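The residues making up each chain are set out below.
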Amino acid sequence: MENLMDKVVSLAKRRGFIFPGSEIYGGLGGTWDYGPAGALLKKNLKDSWWKDLVQLRGDIVGVDAAIMMNPKAWEASGHTQAFVDPLVECKLCHERYRADHADEIALHEKKHKGKTVDWTEPRQFNLLVRAYLGVVEGAQSEIFLRGEITNGAQVNFKNVLDSTRVKIPFGVAQIGKAFRNEITPGNFTFRSREFEQMEVQFYIKPEEKEGKKWFDYWKKNRMAWYVGLGMSKKNLRFRDHADDERAHYARAATDIEYKTPWGWQEFMGIHHRGDYDLARHQQYSKVDLRYRDPYTGEAYLPWDIETSAGVDRSILFLLIDAYHEEGERVVLKLHRTLAPYKVAVFPLLANKPQLVEKAREIYDTLKPHYMVAWDERGNIGKRYFAQDEIGTPYCVTVDFESVEDKKVTVRDRDTMRQERFDINELIDYLQQKLRL
Ligand code: ATP
(Lines give C-alpha, C1' and ligand atoms only; values in the text may rest on other atoms or scores of the structure.)
Protein backbone atom coordinates (compact mmCIF):
# COMPACT_ATOMS: atom_id res chain seq x y z
CA MET A 1 0.00 0.00 0.00
CA GLU A 2 1.17 3.47 -0.86
CA ASN A 3 2.28 5.27 2.27
CA LEU A 4 0.92 8.62 3.42
CA MET A 5 3.97 10.56 2.29
CA ASP A 6 3.79 9.13 -1.26
CA LYS A 7 0.11 10.02 -1.38
CA VAL A 8 0.74 13.60 -0.29
CA VAL A 9 3.60 14.01 -2.79
CA SER A 10 1.44 12.63 -5.57
CA LEU A 11 -1.54 14.82 -4.67
CA ALA A 12 0.75 17.86 -4.46
CA LYS A 13 1.91 17.23 -8.02
CA ARG A 14 -1.47 16.21 -9.43
CA ARG A 15 -3.35 19.20 -8.07
CA GLY A 16 -0.73 21.89 -8.58
CA PHE A 17 0.59 22.39 -5.06
CA ILE A 18 4.28 21.47 -5.41
CA PHE A 19 6.37 20.38 -8.41
CA PRO A 20 10.01 19.29 -8.55
CA GLY A 21 12.17 22.33 -9.40
CA SER A 22 13.16 22.69 -13.11
CA GLU A 23 11.44 19.39 -13.77
CA ILE A 24 11.66 19.41 -17.58
CA TYR A 25 15.46 19.55 -17.29
CA GLY A 26 15.62 16.61 -14.94
CA GLY A 27 15.26 18.74 -11.83
CA LEU A 28 17.75 20.44 -9.51
CA GLY A 29 18.37 18.64 -6.22
CA GLY A 30 16.77 20.24 -3.20
CA THR A 31 14.60 22.74 -5.11
CA TRP A 32 10.83 22.78 -5.44
CA ASP A 33 8.34 24.95 -7.31
CA TYR A 34 4.92 25.85 -5.97
CA GLY A 35 2.11 25.53 -8.52
CA PRO A 36 -1.17 27.47 -8.73
CA ALA A 37 -2.74 25.87 -5.63
CA GLY A 38 0.56 25.77 -3.72
CA ALA A 39 1.38 29.40 -4.37
CA LEU A 40 -2.02 30.38 -2.94
CA LEU A 41 -1.61 28.11 0.08
CA LYS A 42 1.83 29.56 0.75
CA LYS A 43 0.59 33.11 0.39
CA ASN A 44 -2.33 32.42 2.72
CA LEU A 45 0.01 30.95 5.34
CA LYS A 46 2.37 33.90 5.19
CA ASP A 47 -0.48 36.44 5.18
CA SER A 48 -2.03 34.76 8.17
CA TRP A 49 1.30 34.76 10.03
CA TRP A 50 1.85 38.43 9.25
CA LYS A 51 -1.69 39.34 10.29
CA ASP A 52 -1.34 37.47 13.58
CA LEU A 53 2.02 38.93 14.49
CA VAL A 54 2.27 42.34 12.84
CA GLN A 55 -1.25 43.53 12.05
CA LEU A 56 -3.08 42.38 15.18
CA ARG A 57 -0.35 43.22 17.71
CA GLY A 58 1.10 46.61 18.50
CA ASP A 59 4.57 45.47 19.49
CA ILE A 60 5.98 43.90 16.32
CA VAL A 61 7.04 45.69 13.14
CA GLY A 62 8.05 44.07 9.86
CA VAL A 63 11.11 44.34 7.65
CA ASP A 64 11.99 42.85 4.30
CA ALA A 65 15.77 42.82 4.03
CA ALA A 66 17.94 41.96 1.03
CA ILE A 67 18.95 38.36 0.44
CA MET A 68 22.45 39.47 -0.54
CA MET A 69 24.37 41.14 2.26
CA ASN A 70 27.78 42.56 2.85
CA PRO A 71 29.89 39.44 3.55
CA LYS A 72 31.05 40.99 6.83
CA ALA A 73 27.58 40.32 8.22
CA TRP A 74 28.22 36.58 7.80
CA GLU A 75 31.62 36.86 9.43
CA ALA A 76 30.04 38.67 12.35
CA SER A 77 27.34 36.06 12.82
CA GLY A 78 29.93 33.29 12.64
CA HIS A 79 28.54 31.66 9.52
CA THR A 80 31.66 31.91 7.38
CA GLN A 81 34.38 30.58 9.66
CA ALA A 82 33.26 27.01 10.06
CA PHE A 83 32.83 26.27 6.37
CA VAL A 84 36.25 26.60 4.78
CA ASP A 85 37.88 23.27 5.64
CA PRO A 86 37.02 19.60 5.41
CA LEU A 87 34.40 19.13 8.08
CA VAL A 88 32.74 16.25 9.80
CA GLU A 89 29.29 16.60 11.25
CA CYS A 90 28.08 15.03 14.48
CA LYS A 91 24.95 13.11 13.50
CA LEU A 92 23.44 13.68 16.94
CA CYS A 93 23.53 17.45 17.13
CA HIS A 94 24.78 18.56 13.67
CA GLU A 95 27.75 20.41 15.10
CA ARG A 96 30.61 20.49 12.62
CA TYR A 97 34.31 20.22 13.31
CA ARG A 98 37.49 20.38 11.29
CA ALA A 99 38.17 16.77 10.37
CA ASP A 100 41.82 17.22 11.37
CA HIS A 101 41.02 18.56 14.86
CA ALA A 102 41.03 15.23 16.65
CA ASP A 103 41.11 16.75 20.14
CA GLU A 104 38.03 18.89 19.50
CA ILE A 105 36.22 15.86 18.15
CA ALA A 106 37.15 13.80 21.19
CA LEU A 107 36.03 16.61 23.49
CA HIS A 108 32.76 16.85 21.63
CA GLU A 109 32.12 13.13 21.98
CA LYS A 110 32.53 13.49 25.74
CA LYS A 111 29.67 16.02 25.78
CA HIS A 112 27.36 13.26 24.56
CA LYS A 113 28.46 10.87 27.28
CA GLY A 114 26.60 7.60 27.27
CA LYS A 115 25.54 8.01 23.63
CA THR A 116 27.20 6.59 20.53
CA VAL A 117 28.42 9.44 18.38
CA ASP A 118 28.44 8.89 14.62
CA TRP A 119 30.21 11.31 12.30
CA THR A 120 29.65 12.01 8.62
CA GLU A 121 32.55 11.43 6.22
CA PRO A 122 34.82 14.48 6.06
CA ARG A 123 33.88 16.77 3.24
CA GLN A 124 34.60 20.20 1.97
CA PHE A 125 31.27 21.86 1.95
CA ASN A 126 29.74 25.23 2.36
CA LEU A 127 26.44 25.54 4.02
CA LEU A 128 26.39 29.10 2.75
CA VAL A 129 25.66 29.27 -0.94
CA ARG A 130 28.21 31.41 -2.75
CA ALA A 131 27.42 33.82 -5.53
CA TYR A 132 29.41 36.33 -7.53
CA LEU A 133 28.26 39.89 -7.71
CA GLY A 134 29.41 42.26 -10.44
CA VAL A 135 31.03 41.50 -13.76
CA VAL A 136 34.41 40.19 -12.60
CA GLU A 137 34.52 36.86 -10.84
CA GLY A 138 36.87 36.64 -7.92
CA ALA A 139 37.32 37.01 -4.21
CA GLN A 140 36.38 40.70 -4.34
CA SER A 141 32.93 40.03 -5.65
CA GLU A 142 32.12 36.83 -3.84
CA ILE A 143 29.05 37.07 -1.65
CA PHE A 144 26.74 34.60 0.08
CA LEU A 145 23.06 34.01 -0.37
CA ARG A 146 21.70 34.24 3.14
CA GLY A 147 21.75 30.98 5.07
CA GLU A 148 19.04 32.25 7.40
CA ILE A 149 17.01 35.44 7.43
CA THR A 150 17.95 36.46 10.98
CA ASN A 151 20.87 38.70 9.98
CA GLY A 152 18.67 40.93 7.84
CA ALA A 153 16.61 41.82 10.91
CA GLN A 154 19.58 42.17 13.26
CA VAL A 155 21.56 44.55 11.03
CA ASN A 156 18.51 46.80 10.82
CA PHE A 157 17.98 46.98 14.58
CA LYS A 158 19.16 50.59 14.75
CA ASN A 159 17.26 51.60 11.61
CA VAL A 160 14.06 50.22 13.10
CA LEU A 161 14.66 52.06 16.38
CA ASP A 162 15.37 55.32 14.58
CA SER A 163 12.45 55.14 12.17
CA THR A 164 9.60 53.90 14.38
CA ARG A 165 8.28 54.34 17.90
CA VAL A 166 9.02 50.86 19.15
CA LYS A 167 10.01 50.42 22.79
CA ILE A 168 11.46 47.35 24.47
CA PRO A 169 9.97 44.78 24.52
CA PHE A 170 9.30 44.74 20.78
CA GLY A 171 9.76 42.46 17.83
CA VAL A 172 10.96 42.60 14.24
CA ALA A 173 9.17 40.22 11.90
CA GLN A 174 10.41 39.03 8.56
CA ILE A 175 9.51 36.46 5.91
CA GLY A 176 11.94 35.50 3.18
CA LYS A 177 14.05 33.02 1.31
CA ALA A 178 17.12 31.32 2.74
CA PHE A 179 19.62 29.07 0.99
CA ARG A 180 21.74 26.26 2.35
CA ASN A 181 24.08 23.82 0.69
CA GLU A 182 22.43 20.94 2.52
CA ILE A 183 24.52 17.78 2.23
CA THR A 184 21.51 15.53 1.98
CA PRO A 185 18.31 17.21 0.87
CA GLY A 186 15.30 14.94 1.11
CA ASN A 187 11.88 13.99 2.41
CA PHE A 188 10.15 16.08 -0.23
CA THR A 189 10.42 19.78 0.71
CA PHE A 190 11.48 19.01 4.28
CA ARG A 191 15.17 19.56 3.62
CA SER A 192 15.59 21.82 0.62
CA ARG A 193 18.48 23.93 -0.56
CA GLU A 194 16.23 26.93 -1.14
CA PHE A 195 13.44 27.52 1.33
CA GLU A 196 11.53 30.22 3.10
CA GLN A 197 11.52 31.24 6.73
CA MET A 198 9.23 33.41 8.83
CA GLU A 199 10.83 34.82 11.95
CA VAL A 200 10.36 37.27 14.77
CA GLN A 201 13.34 38.61 16.66
CA PHE A 202 11.76 39.75 19.91
CA TYR A 203 13.99 42.14 21.86
CA ILE A 204 13.70 42.28 25.63
CA LYS A 205 15.50 43.66 28.66
CA PRO A 206 18.64 41.60 29.35
CA GLU A 207 17.34 40.08 32.58
CA GLU A 208 17.00 36.39 33.46
CA LYS A 209 13.39 36.82 34.59
CA GLU A 210 12.38 38.58 31.38
CA GLY A 211 14.19 35.96 29.33
CA LYS A 212 12.30 33.15 30.95
CA LYS A 213 8.98 34.94 30.77
CA TRP A 214 9.21 35.73 27.05
CA PHE A 215 10.72 32.40 26.07
CA ASP A 216 7.75 30.62 27.68
CA TYR A 217 5.35 33.13 26.21
CA TRP A 218 6.56 32.57 22.64
CA LYS A 219 6.55 28.80 23.03
CA LYS A 220 2.88 28.83 23.99
CA ASN A 221 1.98 31.53 21.50
CA ARG A 222 3.44 29.74 18.49
CA MET A 223 2.04 26.35 19.42
CA ALA A 224 -1.42 27.92 19.83
CA TRP A 225 -1.13 29.54 16.41
CA TYR A 226 -0.52 26.24 14.66
CA VAL A 227 -3.32 24.55 16.60
CA GLY A 228 -5.58 27.47 15.64
CA LEU A 229 -4.74 26.74 12.00
CA GLY A 230 -6.21 23.31 12.46
CA MET A 231 -3.13 21.17 13.08
CA SER A 232 -3.94 18.18 15.28
CA LYS A 233 -2.63 18.65 18.80
CA LYS A 234 -1.70 15.00 19.02
CA ASN A 235 0.75 15.45 16.16
CA LEU A 236 2.56 18.37 17.77
CA ARG A 237 5.05 18.55 20.58
CA PHE A 238 7.85 20.66 22.02
CA ARG A 239 11.33 19.29 22.16
CA ASP A 240 13.71 21.18 24.41
CA HIS A 241 17.31 21.13 23.28
CA ALA A 242 19.73 19.44 25.64
CA ASP A 243 22.67 21.53 26.86
CA ASP A 244 25.09 19.77 24.51
CA GLU A 245 22.88 20.39 21.48
CA ARG A 246 22.44 24.15 21.66
CA ALA A 247 24.49 26.70 19.77
CA HIS A 248 27.11 28.03 22.17
CA TYR A 249 25.38 31.42 22.48
CA ALA A 250 21.86 30.05 22.98
CA ARG A 251 20.56 30.28 26.53
CA ALA A 252 17.58 28.06 25.78
CA ALA A 253 16.13 26.45 22.68
CA THR A 254 12.99 24.47 21.92
CA ASP A 255 11.71 23.03 18.68
CA ILE A 256 8.11 22.52 17.76
CA GLU A 257 7.95 19.13 16.14
CA TYR A 258 5.36 17.35 14.02
CA LYS A 259 4.76 13.62 13.97
CA THR A 260 5.58 12.88 10.34
CA PRO A 261 5.41 9.49 8.64
CA TRP A 262 9.19 9.33 9.22
CA GLY A 263 9.12 10.33 12.89
CA TRP A 264 9.00 13.54 14.93
CA GLN A 265 10.56 16.40 12.97
CA GLU A 266 11.23 20.05 13.66
CA PHE A 267 9.49 22.76 11.69
CA MET A 268 10.09 25.72 13.94
CA GLY A 269 12.39 26.74 16.73
CA ILE A 270 12.19 29.16 19.65
CA HIS A 271 15.66 30.34 20.57
CA HIS A 272 16.86 32.52 23.40
CA ARG A 273 19.83 34.12 21.62
CA GLY A 274 20.85 36.48 24.42
CA ASP A 275 22.66 39.51 22.96
CA TYR A 276 24.85 37.36 20.69
CA ASP A 277 23.78 38.83 17.34
CA LEU A 278 23.66 42.49 18.30
CA ALA A 279 26.96 42.23 20.21
CA ARG A 280 28.69 40.59 17.25
CA HIS A 281 27.28 43.06 14.71
CA GLN A 282 28.25 45.94 17.01
CA GLN A 283 31.77 44.55 17.27
CA TYR A 284 32.22 43.95 13.53
CA SER A 285 30.48 47.08 12.26
CA LYS A 286 31.75 49.35 15.04
CA VAL A 287 28.30 50.94 15.13
CA ASP A 288 26.75 51.46 18.55
CA LEU A 289 23.68 49.21 18.52
CA ARG A 290 22.63 49.77 22.11
CA TYR A 291 19.06 50.57 22.96
CA ARG A 292 18.51 53.63 25.12
CA ASP A 293 15.69 53.37 27.60
CA PRO A 294 13.49 56.45 27.02
CA TYR A 295 12.61 56.74 30.74
CA THR A 296 15.85 55.96 32.53
CA GLY A 297 18.38 56.84 29.81
CA GLU A 298 20.09 53.51 30.46
CA ALA A 299 21.82 52.09 27.35
CA TYR A 300 22.08 48.35 26.79
CA LEU A 301 22.11 45.59 24.21
CA PRO A 302 18.78 43.82 24.53
CA TRP A 303 18.36 40.07 24.53
CA ASP A 304 16.60 38.40 21.65
CA ILE A 305 14.01 35.65 21.80
CA GLU A 306 13.74 34.35 18.28
CA THR A 307 10.89 32.36 16.80
CA SER A 308 12.00 30.86 13.52
CA ALA A 309 9.57 28.86 11.42
CA GLY A 310 10.04 27.22 8.06
CA VAL A 311 7.32 28.19 5.59
CA ASP A 312 7.89 25.09 3.45
CA ARG A 313 8.05 22.67 6.36
CA SER A 314 4.91 24.24 7.83
CA ILE A 315 3.16 23.76 4.51
CA LEU A 316 4.35 20.18 4.18
CA PHE A 317 3.12 19.30 7.66
CA LEU A 318 -0.16 21.17 7.16
CA LEU A 319 -0.71 19.15 3.99
CA ILE A 320 0.08 15.86 5.73
CA ASP A 321 -2.20 16.80 8.62
CA ALA A 322 -5.04 17.86 6.32
CA TYR A 323 -4.89 14.75 4.13
CA HIS A 324 -7.89 12.48 4.74
CA GLU A 325 -9.31 9.49 2.95
CA GLU A 326 -13.01 8.83 3.45
CA GLY A 327 -14.00 5.81 1.43
CA GLU A 328 -13.28 6.65 -2.19
CA ARG A 329 -12.91 10.30 -1.44
CA VAL A 330 -9.63 12.11 -0.76
CA VAL A 331 -10.14 15.39 1.01
CA LEU A 332 -7.71 18.04 2.20
CA LYS A 333 -9.30 19.41 5.34
CA LEU A 334 -7.33 22.64 5.26
CA HIS A 335 -8.39 25.45 7.56
CA ARG A 336 -10.53 27.96 5.66
CA THR A 337 -7.83 30.61 6.15
CA LEU A 338 -5.34 28.44 4.29
CA ALA A 339 -7.51 26.87 1.60
CA PRO A 340 -6.23 28.07 -1.80
CA TYR A 341 -9.77 28.62 -3.07
CA LYS A 342 -12.58 29.39 -0.64
CA VAL A 343 -15.43 28.65 -3.01
CA ALA A 344 -15.88 26.87 -6.34
CA VAL A 345 -18.73 27.77 -8.68
CA PHE A 346 -20.17 25.32 -11.22
CA PRO A 347 -22.89 25.54 -13.84
CA LEU A 348 -24.56 22.11 -13.77
CA LEU A 349 -24.04 21.74 -17.52
CA ALA A 350 -21.44 23.55 -19.58
CA ASN A 351 -23.54 23.66 -22.74
CA LYS A 352 -26.55 25.47 -21.28
CA PRO A 353 -25.93 29.22 -21.69
CA GLN A 354 -28.54 30.27 -19.13
CA LEU A 355 -26.82 28.18 -16.42
CA VAL A 356 -23.34 29.31 -17.41
CA GLU A 357 -24.42 32.94 -17.43
CA LYS A 358 -26.00 32.73 -13.97
CA ALA A 359 -22.99 30.88 -12.57
CA ARG A 360 -20.63 33.48 -14.10
CA GLU A 361 -22.64 36.20 -12.38
CA ILE A 362 -22.17 34.48 -9.02
CA TYR A 363 -18.50 33.84 -9.75
CA ASP A 364 -17.93 37.51 -10.58
CA THR A 365 -19.82 38.63 -7.45
CA LEU A 366 -17.75 36.42 -5.15
CA LYS A 367 -14.35 37.08 -6.76
CA PRO A 368 -13.62 40.44 -5.13
CA HIS A 369 -13.95 38.77 -1.70
CA TYR A 370 -11.67 35.76 -2.10
CA MET A 371 -10.15 33.30 -4.56
CA VAL A 372 -12.95 31.49 -6.34
CA ALA A 373 -12.50 28.43 -8.58
CA TRP A 374 -14.54 27.82 -11.72
CA ASP A 375 -15.19 24.37 -13.13
CA GLU A 376 -17.54 23.27 -15.87
CA ARG A 377 -15.83 20.06 -17.00
CA GLY A 378 -17.19 16.57 -16.49
CA ASN A 379 -19.96 15.76 -14.07
CA ILE A 380 -20.65 17.30 -10.68
CA GLY A 381 -19.20 14.28 -8.85
CA LYS A 382 -15.85 14.72 -10.59
CA ARG A 383 -15.83 18.42 -9.85
CA TYR A 384 -16.51 17.80 -6.13
CA PHE A 385 -13.74 15.21 -6.17
CA ALA A 386 -11.26 17.72 -7.62
CA GLN A 387 -12.23 20.49 -5.18
CA ASP A 388 -12.01 18.11 -2.21
CA GLU A 389 -8.45 17.28 -3.21
CA ILE A 390 -7.56 20.97 -3.30
CA GLY A 391 -9.38 21.62 -0.03
CA THR A 392 -12.03 24.08 -1.27
CA PRO A 393 -14.48 24.54 1.65
CA TYR A 394 -17.62 25.29 -0.42
CA CYS A 395 -18.93 24.42 -3.86
CA VAL A 396 -21.86 26.34 -5.37
CA THR A 397 -23.86 24.75 -8.19
CA VAL A 398 -26.26 26.52 -10.49
CA ASP A 399 -28.87 24.12 -11.90
CA PHE A 400 -32.07 24.41 -13.93
CA GLU A 401 -34.18 25.24 -10.90
CA SER A 402 -31.82 28.09 -10.04
CA VAL A 403 -32.94 29.97 -13.11
CA GLU A 404 -36.56 29.69 -11.86
CA ASP A 405 -36.30 30.00 -8.07
CA LYS A 406 -33.05 32.02 -7.81
CA LYS A 407 -31.62 29.39 -5.48
CA VAL A 408 -28.31 27.53 -5.69
CA THR A 409 -26.92 24.41 -4.02
CA VAL A 410 -24.06 24.93 -1.57
CA ARG A 411 -22.06 21.84 -0.69
CA ASP A 412 -19.86 21.73 2.42
CA ARG A 413 -16.46 20.02 1.98
CA ASP A 414 -16.27 18.49 5.43
CA THR A 415 -19.84 17.36 6.03
CA MET A 416 -20.71 16.89 2.33
CA ARG A 417 -24.10 18.35 3.23
CA GLN A 418 -25.91 20.18 0.48
CA GLU A 419 -28.22 23.10 1.18
CA ARG A 420 -30.15 25.36 -1.12
CA PHE A 421 -29.70 29.10 -0.71
CA ASP A 422 -31.28 32.14 -2.13
CA ILE A 423 -28.66 33.73 -4.40
CA ASN A 424 -29.07 37.05 -2.58
CA GLU A 425 -28.28 35.39 0.75
CA LEU A 426 -25.36 33.43 -0.62
CA ILE A 427 -22.72 36.07 -0.06
CA ASP A 428 -23.83 36.71 3.54
CA TYR A 429 -23.83 32.99 4.24
CA LEU A 430 -20.36 32.43 2.79
CA GLN A 431 -19.02 35.59 4.36
CA GLN A 432 -20.13 34.31 7.73
CA LYS A 433 -18.80 30.80 7.14
CA LEU A 434 -15.49 31.97 5.76
CA ARG A 435 -14.76 34.68 8.29
CA LEU A 436 -10.99 34.73 8.48
P1 ATP B 1 17.70 21.10 10.84
O2 ATP B 1 18.27 20.68 12.17
O3 ATP B 1 16.52 20.29 10.41
O4 ATP B 1 18.74 21.27 9.76
P5 ATP B 1 17.91 23.75 11.78
O6 ATP B 1 17.87 23.52 13.26
O7 ATP B 1 19.21 23.97 11.12
O8 ATP B 1 17.13 22.57 11.05
P9 ATP B 1 17.10 26.44 11.89
O10 ATP B 1 18.43 26.95 11.49
O11 ATP B 1 16.69 26.58 13.32
O12 ATP B 1 16.95 24.92 11.43
O13 ATP B 1 16.01 27.09 10.93
C14 ATP B 1 14.71 27.40 11.34
C15 ATP B 1 13.66 26.74 10.49
O16 ATP B 1 13.97 26.89 9.10
C17 ATP B 1 13.57 25.23 10.69
O18 ATP B 1 12.75 24.92 11.79
C19 ATP B 1 12.95 24.79 9.39
O20 ATP B 1 11.54 24.92 9.42
C21 ATP B 1 13.52 25.77 8.39
N22 ATP B 1 14.61 25.10 7.67
C23 ATP B 1 15.90 25.02 8.04
N24 ATP B 1 16.61 24.33 7.13
C25 ATP B 1 15.74 23.98 6.15
C26 ATP B 1 15.87 23.26 4.93
N27 ATP B 1 17.04 22.81 4.52
N28 ATP B 1 14.77 23.06 4.18
C29 ATP B 1 13.56 23.54 4.57
N30 ATP B 1 13.39 24.23 5.71
C31 ATP B 1 14.46 24.45 6.50
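Residues numbered from 1 in each chain as written. Predicted model: local features only at pLDDT ≥ 70, side-chain atom pairs only at ≥ 80, totals over all residues. Heavy atoms only, no water.

Notes on the overall build of the protein
Step number 1: In terms of helices and strands, the protein carries 13 helices and 23 strands.
Step number 2: In terms of principal-axis extent, the alpha carbons of the protein reach across some 80 × 55 × 50 Å.
Step number 3: Here the contacts in the protein between residues at least 6 apart in sequence split such that 65% fall between residues at least 24 apart.
Step number 4: Within the structure as shown, the protein displays about 21600 Å² of accessible surface, and the carbon and sulfur contribution to it stands at 50%.
Step number 5: Of the charged side chains in the protein, 66 are positive and 66 negative, and the gap between their average positions amounts to 2 Å. (Helix = DSSP H or I, 4+ residues; strand = E, 2+ residues; numbered from the N terminus. Contact = heavy atoms within 4.5 Å. Areas by Shrake-Rupley, 256 points an atom, 1.4 Å probe, with all protein chains shown as cover. Lys, Arg positive; Asp, Glu negative; His and termini not counted. Charge placed at Lys NZ, Arg CZ, Asp CG, Glu CD.)

A few points about the site of the ligand
Step number 1: If you check the shell around the ligand, you find 16 residues, and the closest are Glu182, Arg191, Ser192, Glu266 and Phe267.
Step number 2: Within the contact set of the ligand, a nitrogen atom lies 2.8 Å away from a side-chain nitrogen or oxygen of Glu182.
Step number 3: Out of a free accessible area of 600 Å², the ligand has 85% covered by protein chains.
Step number 4: Looking at the shell around the ligand, the elements that each hand over two or more residues are strand S10 (194-204), strand S13 (263-274) and strand S16 (303-310).
Step number 5: Ranked by the residues each element gives to the shell around the ligand, the list is headed by S13, at four residues.
Step number 6: Class assignment for the residues of the shell around the ligand results in four nonpolar, seven polar and five charged. (Near = heavy atom within 4 Å. Polar contact = N/O pair within 3.5 Å; in protein donor to acceptor, adjacent residues only side chain to side chain. Nonpolar A, V, L, I, M, F, W, Y, C, P; charged D, E, K, R; others polar.)

Description of the nonpolar core
Step number 1: Grouped together as the largest cluster of nonpolar side chains are 62 residues, with contacts concentrated most on Phe17, Leu45, Met198 and Tyr226.
Step number 2: When residues in this core are grouped by element, the largest group, eight residues, is from helix H9 (residues 311-322).
Step number 3: When residues of this core are assigned to domains, at least three fall in each of domain 1 (4-71 + 147-321) and domain 2 (341-433). (Core = buried A, V, L, I, M, F, W, Y, C linked by side-chain atoms within 4.5 Å. Buried < 20%, exposed > 50% of the residue type's maximum accessible area, 1.4 Å probe, protein only. Domains from an automatic or database assignment.)

Here's the deal with the pattern of salt bridges
Step number 1: This model, assessed by the stated rule, comprises 38 salt bridges.
Step number 2: Of the charged contacts, one joins Arg251 and Glu208 as a salt bridge, the two residues approaching to 3.2 Å between their closest N and O atoms. With a gap of 43 residues between them, Arg251 in the loop between strand S11 (236-240) and strand S12 (252-260) and Glu208 in helix H7 (residues 208-228) connect regions that are remote in the sequence.
Step number 3: The class for Glu208 is exposed, based on a relative accessible area of 55%.
Step number 4: A salt bridge links Lys212 to Asp216; the nearest nitrogen and oxygen atoms lie 2.7 Å apart. Of this pair, Lys212 and Asp216 both sit in helix H7, four residues apart, which is roughly one turn of the helix.
Step number 5: Note on Lys212: relative accessible area 54%, which makes it exposed.
Step number 6: The class of Asp216 is partly exposed, set by a relative accessible area of 25%.
Step number 7: Overlapping salt bridges, with partners in common, bring together Glu326, Arg329, Lys333, Asp388 and Arg411 in one network. (Salt bridge = Lys/Arg side-chain N within 4 Å of Asp/Glu carboxyl O.)

Things to note about the domain arrangement of the protein
Step number 1: Here the protein is described as being made up of domain 1 (4-71 + 147-321) and domain 2 (341-433).
Step number 2: Domain 1 and domain 2 are separated by 38 Å when their C-alpha centres are compared.
Step number 3: Taken together, the contacts link seven residues of domain 1 with seven residues of domain 2.
Step number 4: Around 600 Å² of area is buried between domain 1 and domain 2 when both sides are counted, 57% of it from carbon and sulfur atoms.
Step number 5: Per-residue buried area on domain 1 facing domain 2 is highest for Arg15, Phe17 and Leu40; these three make up 66% of the total on that side.
Step number 6: Applying the counting criterion to the domain 1 and domain 2 interface returns two salt bridges.
Step number 7: Arg15 serves as the salt-bridge partner of Glu389, at 2.7 Å between the closest nitrogen and oxygen.
Step number 8: Put simply, domain 1 and domain 2 have two residue pairs in polar contact (both at pLDDT 80 or more) between them.
Step number 9: Listing elements by their share of the side of domain 1 that touches domain 2, those giving two or more residues are helix H1 (4-14) and helix H2 (36-55).
Step number 10: A per-element tally of the side of domain 1 that touches domain 2 places H2 first, with three residues. (Buried area = accessible area lost by both parts, 1.4 Å probe.)

Concerning the sheet that holds S13
Step number 1: Spatially, the seven strands line up as an open sheet ordered S3-S9-S10-S16-S13-S12-S11, and their pairing is mixed. For this open sheet the edge positions go to strand S3 (60-62) and S11, each flanked by a neighbour on one side alone. Strand-to-strand twist of the sheet, defined as the mean angle between neighbouring strand axes without regard to direction, takes the value 25 degrees.
Step number 2: Sheet analysis places S10 next to S16, joined by eight bridges and oriented antiparallel. If you follow Glu199 over to S16, its bridge partner there is Ser308. (Pairing = 2+ DSSP bridges. Axes fitted to C-alpha atoms, helices over the stretch in contact; angles between N-to-C directions.)

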